[in-house]
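Close look at the chain arrangement
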Amino acid sequence: MNGWKVVSCVKPNNQKHKMIKQLLTTVVVSALLSSTVFAAEGGHSHKTIAGPRGGKILDSEPLHAEFFVQADKKVSVIFYNSTLKPVAPTSQQIKVIAESKTGKTTLEFEKNGDAFISKAILPEGDGYRVVVQIKNDVAAKPQNFRIDYKAGICQECKQAEYACTCEHAS
Ligand SMILES: [Zn+2]
């Protein structure tokens, strides 16, 4: 403010102080890190998280999957590792069963880049149950995920209604 530059002179004393400060920071950071690890070990969090592409994250194993309805109403499923980095599709088998008012429709999927895309579009309308079936390979046990498919946008979280991350159950 007064135009004077603060000239820092490094006294040995200063250096020592800096080292202690650094050491303390390291201790605090590692304490924080280990408590995070403990929290993760204590139980997998099931809080709803937003999918990187605005879809719904399915708690599949070993990879998480994101159910996302494209603008053309085709469904895309993308797999993610534990840090939500996309993982290219391999041997997984995806099936979506839409239980609309006009009956059940099964959508088959094909690999397309880093996603699985349904060959057909979802049935007309919304407000129906969708079952996403994931198999890690042809012989694996299927993992089923039920989603209430609503096409609108949630006013609170601005996510698609089917992928709403709000705490209220709706
Ligand atoms: Zn919401």
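The shown structure was predicted, so the numbers you read here are calculated from the model rather than taken from an experiment.

1. What to know about the overall build of the chain
Each helix and strand counted, the chain has one helix and nine strands in total. Listing every helix and strand of the chain by position from the N terminus yields α-β-β-β-β-β-β-β-β-β. When each of the 170 residues of the chain is scored for burial, the buried share is 20%. Taking the contacts inside the chain whose residues are at least 6 apart along the sequence as the reference set, 41% of them involve residues at least 24 apart.

2. Some words on the nonpolar core
For soluble globular proteins, the rule of thumb is that nonpolar side chains tend to be buried together. Grouped together as the largest cluster of nonpolar side chains are 25 residues, with contacts concentrated most on Ala65, Phe67, Val75, Val77, Ile94, Val96 and Val132. Taken together, the elements giving at least two residues each to this core come down to β1 (56-58), β2 (64-69), β3 (74-80), β5 (93-100), β6 (103-112), β7 (115-121) and β8 (128-135). What Ile94 contacts, discounting residues up to four positions off in sequence, is Val77, Phe109, Phe116 and Ile134.

3. Regarding unusual backbone geometry
Glu61 connects to Pro62 through a cis peptide bond whose omega is -5°. Looking at where Pro62 falls in the secondary structure, it is placed in the loop between β1 and β2. Residues other than glycine seldom take positive phi values, yet Lys73 does so here, at roughly 70°. Structurally, the position occupied by Lys73 is in the loop between β2 and β3. Although it is not a glycine, Lys158 sits at a positive phi angle of roughly 60°. The residue Lys158 is located in the segment after β9 (143-149) in this model. When the 11 C-beta atoms within 10 Å are taken as the criterion, Lys158 is described as exposed.

4. Side note on the pairing of β3
Most of β3 is tucked away, with five of its seven residues classed as buried. In this structure, β2 lies alongside β3, joined through six bridges in antiparallel fashion. Pairing of Phe68 across the sheet is with Ser76, part of β3. Pairing between β3 and β7: three bridges, direction antiparallel. Following the sheet pairing, Val77 is matched in β7 by Phe116. Two strands pair when backbone bridges link them, and β3 and strand β4 (residues 86-87) are joined in this way by two bridges, in the antiparallel orientation. By the bridge assignment for β4, Phe79 is matched with Val87. Remark: five residues form the turn of the hairpin made by β3 and β4, two consecutive strands paired antiparallel; Leu84 in that turn has positive phi of roughly 60°.

Thresholds applied
Residues numbered from 1 in each chain as written. Predicted model: local features only at pLDDT ≥ 70, side-chain atom pairs only at ≥ 80, totals over all residues. Helix = DSSP H or I, 4+ residues; strand = E, 2+ residues; numbered from the N terminus. Buried ≥ 20, exposed ≤ 12 C-beta atoms within 10 Å, placed from the backbone. Contact = placed C-beta atoms within 7 Å. Core = buried A, V, L, I, M, F, W, Y, C linked by C-beta atoms within 7 Å. Pairing = 2+ DSSP bridges.

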